[in-house]
Every structure is written in structure tokens, then in C-alpha cells.
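# Structural description and commentary
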Amino acid sequence: MRIRELVRSFEPYRVVEEDYPIRLDKNESPYDLPGWVKEEIFEELRELSFNRYPHITSMPAREAVASFYGLSPENVAVGNGGDELIGYLVRLFEGDYVVTTPPTFGMYSFYAKLEKVPVVEVPLREDFTIDGDAIAEKAGNARVVFIASPNNPTGNSQPEEEIVRVLDTGKPVVLDEAYAEFAGRSLWRLIEEYPNLIVLRTFSKAFSLAGVRAGYFLANEEVVDALYRIKSPFSVGIMTVAAVKVVLRHYDLVERRVAKIVEERERIRRAFREFTYPSDANFLLMRLDAYEFLLEKGIVVRKLSGRLDGHIRVTVGRKWENRKLVEALREYLEVEGCG
Ligand code: PMP
């Protein structure tokens, strides 16, 4: 038996966070679902047959998402997290390569590499905005262009006119809006105008369902139809469907939590304005090389590299966690002589 060289070239997953009390490294919601919402999910589940496979094209979940947006289920695809859908979006379209805009979310190039599709990188500008003209220039024979807005790990939203510039090429564009609830804006309505636009969203962040695994995209019927020809048939289980249906009924709760997270985000940013970039997401990019220092204090954040060497990405946590973070970073600055 020999494992393929391609597979061996991937790093094994590392688990670092479990030993640390404060985990601000994965952009999860710091708030679990309240017990009464979980009870509603359990009620849904009680009615379902666990011995049967879930619906083959996830119709119950797609209907729930579609009615939330006032769309047809033909415009909605649901996956086992947004990650699964990214894996399929790399495989759906004709073309020789995918376009990404680093520094950005790593899963676009992860799946491209796995699929042996070259990645053409069009770096973000100095201010982390995308360069629509430069992307359009490179889009020639692209399968798909990935744009995250708000972008992970930089936190900024991308200007609508730059996104439209790319959409006007007619090439498939995945607009990854995993953090859109925290930005308070979304361009999903453009799917009616642009059949080449795929808006990717997730239940992992604002909706507190990272552990359940649910993501979706909104797009033209043809793209959704194509996805369901190749998607692993039963990857969205009945527990995921039940959770999605219930959380969509409680969007008011999601909105209140988003408001709290945004308030906390701005509080942290004010404390370290000099070292922190503006953010439209549930995390902050900081120009502080404080990863190891924070780890020693029991706080896990994301250490960045490459163009963002010496930076950390910090997820906004609960109030007490953020207080500990601010205290630790103040101490770091004192030790470093910057305070
Ligand atoms: N897109 C971006 C930009 C993300 O940061 C994430 C999660 N880290 C995802 C998509 C996918 O999230 P999930 O698979 O949990 O839905």
C-alpha cells in the first residue's frame, strides 16, 4: 500500500485548543444555543425516522432557507458546512484554474490542490480590498473566482463596484459571505441579475451551529442543479436539517447576538486601535506578534504567516473572555515596551 504523494503533501490537522480555557481561534460564535432552542430541535427530531436516509437533495432544508429569503428551493443548495460546498464549487465549472485573492480563506486553495487545479492568485491591495480589474484580467480561462466578503482573515468587506467588475466578466464568482451577518450587508440579491454569482453562507458563525455543520449557497437554478448531480447524496443529515429549520425561526435571537458581538468587537478595537484593522466580521486582525504570549495565558488565537507574518486573528468571545484578552494584550505591550 502506498499513500499518494499528493495526499502526503497535505499537513495533518493539529489540535491545539483543547488544553486552553479561552479559544478565540476559529471564528465560532461564543454563544451556544439556549436550552429552549435545543429543545425545539429535539422535538423536531423526535418525529423523524433515524433508520432512514435523509432527503437525497436536502429539500426540507432548502425549503427552509428559501422561504427565509423569499427564493425558490431551486436557488438554494445546502451542504455539510460551507467547506463541503467549496469542495464542489471547485469541480463544477469548465476552466483551467481557480482564482483566489490572498490573504484569504485557505479552503479555496486546499480543495483546488486536492483536485489538482492550479490556483492563480490576485493579491489584495495594500488596504485589503480586491482589485476588480486585475482579477478580470486573470479570469480568462478560470473555472471560478473566489472572493470572501467580509474577508477572512483581514475582516474587511469588499467594495460592491469591484465585485460587480468581476461579475461582469461572466465567469463563475463565488462570493463567500460567511460573516455577512456581522457586516449588516449582503449582495445575495444580485443572483437575480448575475447567473454567474454564487453567494456562499454558513450557519457556523452568527447562527451558533459550527458543531452541527450546515452551510448553503444561493445561486442560479442551473448551478444548483449541477451541484446536486455530483454532491455526495446524504451528507446533510436529519439532525442538521432539524437544527437549520429551528434556528431560522429564531432570527431575532441571532440578530441580538450579532449586535452583542459587534459591540464587543468595537470595544476590543478601541482598546488597541493602533494595532487593529477595522472589521466587518466576528474577529479582528491585529498587528501584534502575540500568539505565544497569549497561549501562555491560556488564550488561543490564530497565528498568521506570509504577508501577515507577525499578525494574529482574534475571534470576538464572551465578555469575560474579551476582558481577559484585553488584559493579556495590555501586558504584552508593556513587556514589549510599546505600552
Ligand atoms: N468561508 C469562510 C471565509 C470561512 O471563514 C469559513 C469558516 N471558517 C467558511 C467559509 C466555512 O465554514 P463552515 O464549513 O463551518 O460552514
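Procedures and definitions
- Within any chain, residue numbers begin from 1 and follow the written order of that chain's sequence.
- Note on the predicted model: pLDDT of at least 70 is required for a residue's local features to be given, and 80 or more for side-chain atom pairs to be given and counted; whole-chain, interface and lining totals, by contrast, use all residues.
- The basis for every side-chain value is the complete set of non-hydrogen atoms in the structure, without hydrogens or water.
- What makes a residue near a molecule or strand is one non-hydrogen atom of that residue sitting within 4 Å of it.
- Polar contacts, as used here, are pairs of N or O atoms within 3.5 Å; protein pairs need one atom able to donate a hydrogen and one able to accept it. Residues neighboring in sequence count only if both atoms are side-chain atoms.
- Each accessible area is a Shrake-Rupley estimate made with a 1.4 Å probe; only the visible protein chains count as cover when residues are assessed.
- Polar here means any residue outside two lists: the nonpolar Ala, Val, Leu, Ile, Met, Phe, Trp, Tyr, Cys and Pro, and the charged Asp, Glu, Lys and Arg; Gly therefore counts as polar.
- The axes are straight lines fitted to the C-alpha atoms, using for helices just the contacting stretch, and the angles between their N-to-C directions are given from 0 to 180°.
- Runs of E in the DSSP output that reach at least two residues are strands. Runs of H or I that reach at least four are helices, and both are numbered from the N terminus.
- Just so you know how the angles are binned, under 35 degrees is roughly parallel, over 145 roughly antiparallel, 65 to 115 roughly perpendicular, and the rest oblique.
- Contacts were defined at the residue level, with two residues in contact if any of their heavy atoms lie within 4.5 Å.
- UniProt positions are given in the numbering used here, feature names are shortened, and annotations may be inferred rather than shown by experiment.
- Whether two strands pair depends on DSSP finding at least two bridges between them.
- Throughout this description, the term salt bridge denotes a Lys or Arg side-chain nitrogen within 4 Å of a carboxyl oxygen of Asp or Glu.
- Each residue's exposure class comes from its accessible area (1.4 Å probe, protein chains only) as a fraction of the maximum for that residue type: buried when under 20%, exposed when over 50%, partly exposed otherwise.
- Two helices cross in a left-handed way if the nearer one is turned anticlockwise from the farther one by less than a right angle. They cross in a right-handed way if the turn is clockwise.
- Handedness of a crossover: with both strands directed away from the viewer, a clockwise path from the first strand across the helix to the second marks it as right-handed.

As a further point, take the site of the ligand. Residues in close proximity to the ligand include Gly 81, Gly 82, Asp 83, Phe 105, Asn 152, Asp 176, Ala 178, Tyr 179, Thr 202, Ser 204, Lys 205 and Arg 213, which together make up its full environment. Thr 202 places a polar side-chain atom, nitrogen or oxygen, 2.5 Å from an oxygen atom of the ligand. Lys 205 has a polar side-chain atom sitting 3.1 Å from a nitrogen atom of the ligand. Taking 400 Å² as the accessible area of the ligand by itself, protein coverage stands at 91%. Each residue belonging to the shell around the ligand can be placed in one class, and the counts come to three nonpolar, five polar and four charged.

Looking now at the packing of helix H11 (residues 251–271) against helix H13 (residues 319–336). For the pair H11 and H13, interaxial distance at closest approach is 11 Å and the crossing angle is 10 degrees. The angle between the axes of H11 and H13 places the two elements in the roughly parallel class. Every residue of H13 that contacts H11 at Glu 264, Arg 267, Ile 268 and Ala 271 is listed here: Lys 319, Asn 322, Arg 323, Leu 325, Val 326 and Arg 330. Tallied by class, the residues present in the contact of H11 with H13 amount to four nonpolar, one polar and five charged.

The feature "domain: Aminotransferase class I/classII large" (unreviewed entry), as annotated in UniProt, sits at residues 22–329 in this numbering. Across residues 22–329, the secondary structure splits into 40% helix and 15% strand, with the terminal C-alpha atoms separated by 14 Å.

This part is about the sheet that holds strand S12 (residues 312–315). Strand order across the open sheet formed by three strands is S9-S12-S11, with antiparallel pairing between neighbours. Each edge of the sheet is formed by a strand with only one pairing partner; in this case those strands are strand S9 (283–286) and strand S11 (302–303). Bridging between S9 and S12 involves four bridges; their strand directions are antiparallel. Along S12, the bridge assignment pairs Leu 285 with Arg 313.

Another aspect to go through is the pattern of salt bridges. Inspection of the entire model under this criterion finds 20 salt bridges. Linking Asp 225 and Arg 229 is a salt bridge whose minimum nitrogen-to-oxygen distance equals 2.8 Å. Of this pair, Asp 225 and Arg 229 both sit in helix H9 (residues 221–230), separated by four residues, roughly a single helical turn. Assessed through its relative accessible area of 40%, Asp 225 is described here as partly exposed. Salt-bridge contacts for Arg 269 lead to Glu 266; the nearest nitrogen and oxygen are separated by 4.0 Å.

Taking the UniProt record as the reference, the feature "modified residue: N6-(pyridoxal phosphate)lysine" (unreviewed entry) is found at Lys 205. Among the secondary structure elements, Lys 205 is positioned in the loop between strand S7 (197–202) and strand S8 (215–219).

In this section: the packing of helix H3 (residues 59–69) against helix H10 (residues 238–249). Where H3 contacts H10, the axes come no closer than 9 Å and their chain directions differ by 15 degrees. In this view, H3 runs roughly parallel relative to H10, as classed from their interaxial angle. In this structure, H3 meets H10 at a crossing whose hand is left-handed. Between H3 and H10, the residues in contact are Pro 60, Ala 61, Ala 64, Val 65 and Phe 68 and Val 241, Val 244, Lys 245 and Leu 248, respectively. Looking at the contact of H3 with H10, its residues break down into eight nonpolar, no polar and one charged.

Let's shift gears to the pairing of strand S6 (residues 173–176). Here S6 shows a buried face lined by Val 173 and Leu 175 and a second buried face lined by Val 174 and Asp 176. Relative to S6, strand S5 (residues 142–148) is paired through four bridges, and the arrangement is parallel. Counterpart to Val 145 in the pairing with S6 is Val 173. The parallel pair S5 and S6, bridged by helix H7 (residues 160–167), forms a crossover whose chirality is right-handed.

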